[in-house]
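Listed below, chain by chain, are the residues.
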Amino acid sequence: MKSIYLDYNATSPMRPEVYDAIQPFLKEQFGNPSSFHQMGQKARFALDDSRNKLMSLIGKSEGDLIFTSSATEANNLALLGMAHHKDSFKNQIVISSIEHLSVLRPAEILASKGFEVIWVDPDDKGVVSEESIRNVVSDKTLLVSVMAANNETGVIQPIHGLADWLSSKGIFFHVDAVQVLGRMNYDFTHLNAGSISISSHKTGGPKGVGALWVKDKKKIKPLLVGGHHESNYRAGTENLTSIVGFTKAIEVALESIVNEEVRMKQLKERFESFVLKHIPDVVINGDKGMRLSNTSNLSFLGVDTEASLMFLDGHHIYVSSGSACTSGSVDPSHVLEAMKLDDARLNSAVRFSFGYGTTEEDIQYLLEVLPGWIEQLRS
């Protein structure tokens, strides 16, 4: 039986172009970028070339790109690294309550260290409004963090205007942009943020590499020390093989981003329109107009989430209930809870996320099994 993978917001298969690009760095070009000899200098050139290309791909001509082991580390570096510059007056941090755990947990750590952390909830459609952030920001605010698009609902957050306003106030703004890079034609160039975190494996690159773009790296301090790597902002020999693959993955994704975004939207609309028409008591979680083209979070009322996942897994259809970082638990999503959805929707939500490998045939098979699955589980 064919396996159908519909969990691209958790991770994605490596693109063939990426596999080809990294082969030389697994075999012949394995030098350490910090070594002085020729092999090391060739590695250094590849590292610098990847950094410059990736900055260009995200539309940033200023600032610095710091390679990390993941977007989780990048988020930690942004929040905890920025907090090192706390003064006696600016001790307030504002965080949206729908952030990834790699933002929420550092914020909790900062709260335990004496920072005042303000959590801002979205509306019932999953949108964190600019007004809701403005209402809580004060002259004590050091940092604000709002993600570009949510990994569970796919809701795209309206942050460009907020970024400009925060910049005018001299407030550092961090953006977790993991879910938009390579998924949509996103305007990074005019996003007036202090830092932006990105990841490789969500768009067909290798796991184990991410990056933090920082407008002014003097505003943060390193979390990992012990070497001069990454201009003294992240100690440890760079994962050059994965960095090269990361850059290639984004390059390939952006080459076809407009057409791919249209294709994903068509697949999602076909899927959702069929489900809403042919299966009763199904609700879309998240703003219908402001979502990523590849993400569909649905509550099948009366059907337990865990039962849904087990049934689909048994039919070799791989989806999730939300963030992979909470996969050890089937508790309701903190994102949907922040949206203040009722228990019926919280306990029956399933996330379908499509990607470059998703085909019409995949969606057709999914639609063939869904009605019977719902009827069976509800009975």
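What counts, and where the lines are drawn
Residues numbered from 1 in each chain as written. Predicted model: local features only at pLDDT ≥ 70, side-chain atom pairs only at ≥ 80, totals over all residues. Heavy atoms only, no water. Buried < 20%, exposed > 50% of the residue type's maximum accessible area, 1.4 Å probe, protein only. Helix = DSSP H or I, 4+ residues; strand = E, 2+ residues; numbered from the N terminus. Pairing = 2+ DSSP bridges. Core = buried A, V, L, I, M, F, W, Y, C linked by side-chain atoms within 4.5 Å. Contact = heavy atoms within 4.5 Å. Phe/Tyr/Trp six-rings, centres within 6.5 Å; stacked < 30°, edge-to-face > 60°. Lys NZ or Arg CZ within 6 Å of the ring centre and 35° of its normal.

(A) Examining the pairing of strand β5 (residues 141-145) more closely. With 5 of 5 residues buried, β5 lies mostly within the body of the structure. Across 4 bridges, strand β3 (residues 92-96) lies against β5 in parallel orientation. Its bridge partner being in β5, Q92 is matched across the sheet by T141.

(B) Spotlight on the nonpolar core. Within the largest apolar cluster, 56 residues are counted, with the highest numbers of intra-cluster contacts made by I133, V144, F173, V175, V180 and I196. Once residues within four sequence positions are removed from consideration, I133 is found in contact with V94, V120, V128, V144, V146 and L162. Within the second largest apolar cluster, 26 residues are counted, among which are L6, I284, V303 and F352.

(C) Summary view of unusual backbone geometry. Despite not being glycine, H316 shows a phi value in the positive range, around 60 degrees. Tracing the backbone through its elements, the reader meets H316 in the loop between α10 (305-314) and β11 (317-318). Taking the relative accessible area as the measure of exposure, H316 reaches 28% and is therefore partly exposed. For K340, which is not glycine, the phi dihedral falls at a positive 60 degrees. Relative to the helices and strands, K340 is located in the loop between α11 (334-338) and α12 (343-346).

(D) Here's a closer look at the packing of aromatic side chains. Going through the model one piece at a time under the given rule, you end up with 8 aromatic pairs. Ring centres of F300 and W373 lie 4.8 Å apart, and the angle between their planes is 65 degrees; on these two criteria the pair is classed as edge-to-face. Residue F300 is found in strand β10 (residues 295-300), and its partner W373 is found in helix α13 (residues 360-378); the two are separated by 73 residues along the sequence. Residue F300 is classed as buried on the basis of its relative accessible area, which comes to 0%. A relative accessible area of 0% means that W373 is categorised as buried. Feature note: the residues F271, F300, F311, F352, F354 and W373 constitute an aromatic cluster, connected by ring pairs. Positioned over the ring face of Y356 is R15, at 4.1 Å from the centre of the ring. Above the face of the W213 ring, K60 is positioned so that its terminal group lies 4.6 Å from the ring centre.

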